[in-house]
Amino acid sequence: MKIIAYGYRDDEMPYLSTYQKMEGVELELKREHLTPETASWANGADGVSITGVCRADREVLKQLADGGVRFLSTRTVGYNQIDLEAAKTLGIRCANVTYSPYGVANYTVLLILAILRKFMHIMVRSGCMDYSLKDMQGKELQNMTVGIIGMGRIGKAVARCLSGFGCRIIAFTPHPDEETRTLAEIMTMDELYAQADIITLHTPATPETYHLICKATLDKMKKGVYIINTARGELINTGDLIDAVESGQVGGVAIDSFEHEQDIIHVDHEYNVIRNREMLILKAYPNVLVSPHAAFYTDQASSDMVRCSIEGLLSWGQGKENPFELNV
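1. Here we look at the overall build of the protein chain
Item 1. Along the backbone of the protein chain there are 12 helices and 13 strands.
Item 2. In summary, the protein chain has a C-alpha radius of gyration of 21 Å against a globular reference of 20 Å for 328 residues, a match within 12%.
Item 3. By the burial criterion, 51% of the 328 residues in the protein chain qualify as buried.
Item 4. Long-range contacts, defined as pairs at least 24 residues apart, comprise 67% of the intrachain contacts of the protein chain with a sequence gap of at least 6.
Item 5. Surface accessibility of the protein chain: about 15900 Å² in total, with carbon and sulfur atoms responsible for 53%.
Item 6. A gap of 2 Å separates the mean positions of the 32 positive and 42 negative side-chain charges of the protein chain.

Listed below in C-alpha cells is the structure:
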C-alpha cells in the first residue's frame, strides 16, 4: 500500500520511520502541507495522511480522487479542514485520530493557573529585573467555580485534573453519563453561564457550536469571567470577545485556538505581516494569553496520532474497518 504523509514534523519521524520499514508499505514523507499545488504529489497513492493545517476542500479532494487516492486520514482529532460531503461524493473515505486527552487537559490547567496568577507578566517583569508586586495579585483556584462545556474524553480529563485543586466543578454536556456525574455538577448551559467564574471549552466545532461564545452568551456570564479555549477557534466570536474584554465583562482570556488560524499557526512569522487583525488586537491586551495551537503537542500525542493515522489507512487497504472513520 502506498501512503503519502503531508506536513510531517521532525518529532513524528521516530514513529513514521517504523512504518517505512514495514513490508508491503510504501510510505512517502512530504514536509509541505496538502494544498492545490501539492495534491498531485499523491497521484498513484492509495491513501494520504495530513495535518490540521493542510487543505482538504473540494478542489483538493477532486485532485486526490483523480489521482487514485481512496483514503484520507488527518493526524488530528479535529477534522474541520476536510470537506466530508465532497469526500463522500468523490469516494474518498476519511478518518481522524485519537490521542491521550491529558496533554490538552494539562495545558488547560496550565492556562487557567497562568491567567489567574498573571504568570506571564511576572516572568516578563522578572526579565527586566522588576520584582515589585504592584498589580500582580492573583486569585486562588479553590475559591473559583469552573464551568466545563463539553465532557468528552478531554473534558473529563480536565475535570479529573482540576479535582485536586479543591474548586467547584460544574459542566454542560448534551449526554451526561454516570462518570460525568461523578466528576462535575451537570447543569444547563444558562445555569453554567450564570455560576461559573471560569469557563473552559472542550467541544468540537460544528454548525451547532459555531460562535457558542458571543455577545448573547457573554452577557449571561458573571462580570469578570475568565474564558479558556483549548478546543477550536470557531467556538468564539472574536469581535464580541474583544468588546467583552474592553468592557470588563470578561476578566481574562487564555486561548490556544483562534478564528482563521489556518495560515498562522505552526509557522514562524517573525518577519511576516499576520493577516488576522482580531487575533492581534486580542493578543495585545494585558489580561489575554494566546498560544499557537500547542495544547496537543506532547511526545505521547505525537506517537498516538501517527499510529492511529497510518494504521487506520493500512486497515482500509487490507479491507478492514478503520475505528476512526468519519461519516457525514
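2. Some points on the pattern of salt bridges
Item 1. Considering all chains together, one arrives at 20 salt bridges under this definition.
Item 2. Among the salt bridges present, the one from Arg 160 reaches Glu 179, with a minimum N-O distance of 2.5 Å. Within this pair, whereas Arg 160 is found in helix 6 (residues 153–163), its partner Glu 179 is found in helix 7 (residues 178–183), the two being separated by 19 residues in sequence.
Item 3. Taking the relative accessible area as the measure of exposure, Arg 160 reaches 30% and is therefore partly exposed.

3. Quick look at the pairing of strand 10 (residues 225–229)
Item 1. In terms of residue burial, strand 10 counts as a mostly covered element, since 5 of its 5 residues are buried.
Item 2. Both faces of strand 10 are covered, namely the face carrying Val 225, Ile 227 and Asn 229 and the face carrying Tyr 226 and Ile 228.
Item 3. Inspection of the sheet shows strand 9 (residues 198–201) paired to strand 10 by 4 bridges, in the parallel sense. Residue pairing across strands places Ile 198 opposite Tyr 226, the latter belonging to strand 10.
Item 4. Examined bridge by bridge, strand 10 and strand 11 (residues 250–255) share 5 bridges and lie parallel to one another. Looking at strand 11, one finds that Asn 229 is bridged to Ile 255.
Item 5. In this fold, the crossover linking strand 10 to strand 11 by way of helix 10 (residues 238–247) has right-handed handedness.

4. Concerning the sheet that holds strand 9
Item 1. Strand order in the open sheet formed by 7 strands is 8-7-6-9-10-11-12, with parallel pairing between adjacent strands. The open sheet has two edge strands, strand 8 (185–186) and strand 12 (288–290), and neither has a second partner.
Item 2. Examined bridge by bridge, strand 6 (residues 145–149) and strand 9 share 4 bridges and lie parallel to one another. Bridging from a neighbouring strand, Ile 149 pairs with Leu 201 of strand 9.
Item 3. Of the strands in this sheet, strand 10, strand 11 and strand 12 touch helix 10, which is tilted by about 135° from strand 11.

5. Brief notes about the sheet that holds strand 5 (residues 93–95)
Item 1. Strand order in this open sheet of 6 strands is 2-1-3-4-5-13, and the pairing throughout is mixed. One side of each edge strand has no neighbouring strand; the edge strands of this open sheet are strand 2 (26–30) and strand 13 (325–326).
Item 2. Pairing analysis gives 3 bridges linking strand 4 (residues 71–74) to strand 5, with the strands arranged parallel. Bridged to Phe 71 within strand 5 is Arg 93.

6. Some words on the packing of helix 4 (residues 102–116) against helix 6
Item 1. Close contact between helix 4 and helix 6 brings their axes to 8 Å; oriented N to C, the two are set at 50°. By the criterion of interaxial angle, the relationship of helix 4 to helix 6 is oblique. At the point where helix 4 passes helix 6, the crossing takes the right-handed sense. Between helix 4 and helix 6, the contacting residues are Tyr 102, Val 104, Ala 105, Asn 106, Thr 108, Val 109 and Ile 112 on the first element and Ile 154, Ala 157, Val 158, Arg 160, Cys 161 and Leu 162 on the second.

Conventions and cut-offs
- Residues numbered from 1 in each chain as written.
- Predicted model: local features only at pLDDT ≥ 70, side-chain atom pairs only at ≥ 80, totals over all residues.
- Heavy atoms only, no water.
- Helix = DSSP H or I, 4+ residues; strand = E, 2+ residues; numbered from the N terminus.
- Rg over C-alpha atoms; globule rule 2.2 N^0.38 Å.
- Buried < 20%, exposed > 50% of the residue type's maximum accessible area, 1.4 Å probe, protein only.
- Contact = heavy atoms within 4.5 Å.
- Areas by Shrake-Rupley, 256 points an atom, 1.4 Å probe, with all protein chains shown as cover.
- Lys, Arg positive; Asp, Glu negative; His and termini not counted.
- Charge placed at Lys NZ, Arg CZ, Asp CG, Glu CD.
- Salt bridge = Lys/Arg side-chain N within 4 Å of Asp/Glu carboxyl O.
- Pairing = 2+ DSSP bridges.
- Right-handed = clockwise from strand over helix to strand, strands pointing away.
- Axes fitted to C-alpha atoms, helices over the stretch in contact; angles between N-to-C directions.
- Parallel < 35°, antiparallel > 145°, perpendicular 65-115°, else oblique.
- Left-handed = near helix turned anticlockwise from the far one by under 90°.

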